[in-house]
Amino acid sequence: MGRPLLVFVFVALLAAVAAKEAVKPPPAPYAPECRIDEPDLFKEADPSQVPWFTIDLDAPAKTRYAQIARVYKDQIPPVLDVLRQMVAMIVGDLPLFEVLESFFRDAFEGGRYPQPYRDEIQGIADASGVPVEQIAMMNVFYELSRYCTSIVAEDATGGMWHGRNLDFGQLFIWDVKDQSWGLTEALKKVTINLNFIKNGKLMYKGTTFAGHTGIITGMRMGEFTLSMNAKMVPDIAQLMEWLTGDVKDVHFAMWVDRETMEKANNFEEARAYLSTVEQMTGCYYILGGNKPGQGSIIIRNATAMYEEPKLHDGDNDWFVLQTNYDPEQEPLWVDDRRTGGNACMNKLGKDRVSLETLYKVLKSKTTLNKTTVHTVIMSITHGIYQTYIQTCENPCWPF
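Residues numbered from 1 in each chain as written. Predicted model: local features only at pLDDT ≥ 70, side-chain atom pairs only at ≥ 80, totals over all residues. Heavy atoms only, no water.

With an unreviewed UniProt entry as reference, the protein chain is termed Ceramidase, source organism Mesorhabditis spiculigera. UniProt, in the comment section headed Sequence similarities (unreviewed entry), describes the protein chain in these words: "Belongs to the acid ceramidase family." (UniProt positions renumbered as here; feature names shortened; annotations may be inferred.)

Take a look at the structure:
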């Protein structure tokens, strides 16, 4: 992508936000493309690119992530470097990044990070050599920028499937050489899968980034699957109140995902917890179960659920798909993954749902775009949990 197109994209994004443009697809050659009938598309999928680690929940919190921190001690700083470069581009030589670090240091030392995450963060800092305030910053940064597509679907046999694309990094330093966002590429290198064990038994699986103590996507063994998508506009004011000490007892979304895995024994308990827990900002929890009909999108503000589209509810017959907008909201025209995603799922049909075809839906443009870090596909009924690092070959829409 050349600089003229980038300028066009930035101007178009600002114009769309300001004018609230109606939905329309990106221009050719970036238009939506459903790829479910490409026979060789799944052959490139390689789950071995994403390593697995074990987190022992019975071990002392400071030691749980030490192995991961040592393995990724050289890959975590580049993530922070992109953030530092972005801040410098905005404010020039002003030491804003250092000011942010001091805020997070005060928040960490002031006890505003709850246990066990506080000790886990300290353990990561100790094992990696990365300053604790930077690890603390990484653990809440996901509250501000994460754009995703999540799908829960039933197959023809009643099996349940859950897929998601994690999109992260838009506007964070365009890398001309790699033709991608700098933060997106840095996050691909720190994507990891985790097995969480308790009392010697596998309790749940999750996907996250090295340096983080929460999870973005997870599966409670035998019971439910969960992914979380951001709202288009995060509650930055609430975050700043927490950072400056005016708000203390609050849950971050990545930690809520993990807490749900540990507190809820089944789909209904998970649904109840996700609907009521007080948290930092609103978001979308996409929840799947182990039985037909167990699939819903829990639409949250900071204090409660206010809407819940479900499987077998109105038009949501055999699948639900969520991006980063409420059902009644029109997506920005520069970021309409919903229309193409729904069209591709309807073209697929219930009879063809599988690991391979769900991967192909999530590999279709513009559901797949230049910000897509990875794809996760889960199925409790089929015993599947796979994570794939993604690439979007040109021409590819940047958002």
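Participant: Give a detailed account of the overall build of the protein chain, specifying residues and quantitative values.
Facilitator: Within the protein chain, the secondary structure is distributed over twelve helices and 15 strands. Of all 399 residues assigned to the protein chain, the portion counted as buried reaches 58%. The contacts in the protein chain between residues at least 6 apart in sequence include a share of 67% that link residues at least 24 apart. Split by element, the accessible area of the protein chain, about 15,700 Å² in all, is 53% carbon and sulfur. (Helix = DSSP H or I, 4+ residues; strand = E, 2+ residues; numbered from the N terminus. Buried < 20%, exposed > 50% of the residue type's maximum accessible area, 1.4 Å probe, protein only. Contact = heavy atoms within 4.5 Å. Areas by Shrake-Rupley, 256 points an atom, 1.4 Å probe, with all protein chains shown as cover.)

Participant: An account of the state of the cysteines is requested, with residue identities and associated values reported.
Facilitator: One pass over the structure, following the stated rule, counts two disulfides. Disulfide pairing places C34 opposite C344 at an S-S distance of 2.1 Å. Every disulfide takes its handedness from the sign of the S-S torsion; for C34 and C344 that torsion is 75 degrees, giving right-handed. Placement of the pair is C34 in the loop between α1 (3–19) and β1 (52–56) and C344 in helix α11 (residues 337–348), with a sequence separation of 310 residues. Exposure remark for C34: the relative accessible area of 28% places this residue in the partly exposed category. Between C392 and C396 runs a disulfide, and the two sulfur atoms are separated by 2.0 Å. For the disulfide bridge between C392 and C396, the dihedral angle about the S-S bond is near 105 degrees, and by the sign convention the bridge is right-handed. (Disulfide = S-S within 2.5 Å.)

Participant: Can you lay out a nonpolar patch on the surface for me, pointing to particular residues and giving the numbers?
Facilitator: A contiguous nonpolar patch, built from L96, V99 and F103 and spanning about 200 Å² of accessible area, is present on the exposed surface. By secondary structure assignment, the location of L96 is in helix α4 (residues 96–109). Residue L96 is classed as partly exposed on the basis of its relative accessible area, which comes to 35%. (Patch = residues over 30% accessible without salt bridge, like charges linked within 9 Å, V, L, I, M, F, W, Y side chains within 5 Å. Salt bridge = Lys/Arg side-chain N within 4 Å of Asp/Glu carboxyl O.)

Participant: Can you break down the nonpolar core residue by residue, with the values?
Facilitator: Counting residues in hydrophobic clusters, the biggest one holds 73 residues, and the most contacted among them are I68, Y113, W242 and Y285. Look past the residues within four positions of Y285 in its chain and what remains in contact with it is L226, S227, M228, A253, V256, D257, L274, Q279, S296, I297, I298 and R300. Counting 20 residues, the second-largest nonpolar core is a separate cluster that includes F319, C344, L355 and L358. (Core = buried A, V, L, I, M, F, W, Y, C linked by side-chain atoms within 4.5 Å.)

Participant: Before we move on, can you summarise the side chain of E133 with the specific residues and values?
Facilitator: Mapping E133 onto the fold places it in helix α6 (residues 132–141). Its relative accessible area of 12% is what places E133 among the buried residues. A distance of 3.1 Å separates a polar atom in the side chain of E133 from a polar atom in the side chain of R105. In this view, E133 contacts E101, F104 and R105; residues no more than four positions away in its chain are not counted. (Polar contact = N/O pair within 3.5 Å; in protein donor to acceptor, adjacent residues only side chain to side chain.)

Participant: Outline the packing of helix α9 (residues 253–263) against helix α10 (residues 267–276), listing residues and values.
Facilitator: It is the contact of α9 with α10, at a shortest axis distance of 9 Å, that shows an interaxial angle of 145 degrees. Judged by the sense of rotation from one axis to the other, the crossing of α9 with α10 is right-handed. Within the contact between the two elements, α9 uses V256, E259, T260 and K263 and α10 uses E269, A270, Y273 and L274. Looking at side-chain class alone, the contact of α9 with α10 contains four nonpolar, one polar and three charged residues. (Axes fitted to C-alpha atoms, helices over the stretch in contact; angles between N-to-C directions. Left-handed = near helix turned anticlockwise from the far one by under 90°. Nonpolar A, V, L, I, M, F, W, Y, C, P; charged D, E, K, R; others polar.)

Participant: So what about the pattern of salt bridges? Which residues, and what values?
Facilitator: Summed over all chains, the structure comprises 19 salt bridges. The closest approach of N and O atoms between E154 and K350, which form a salt bridge, is 3.5 Å. Of this pair, E154 sits in strand β2 (residues 147–154) while K350 sits in the loop between α11 and α12 (355–362), and the two are 196 residues apart along the sequence. Given a relative accessible area of 30%, K350 falls into the partly exposed group.

Participant: Account for the confidence of the model for the protein chain, naming residues and giving values.
Facilitator: The predicted coordinates of low-pLDDT regions are not to be read in fine detail. Residues with a pLDDT of 70 or more make up 90% of the protein chain, whose mean pLDDT is 89. In the predicted structure, residues 1–19 sits below a pLDDT of 50 and forms 25 contacts with residues beyond four places in sequence or in another chain. (pLDDT = per-residue confidence, 0-100.)

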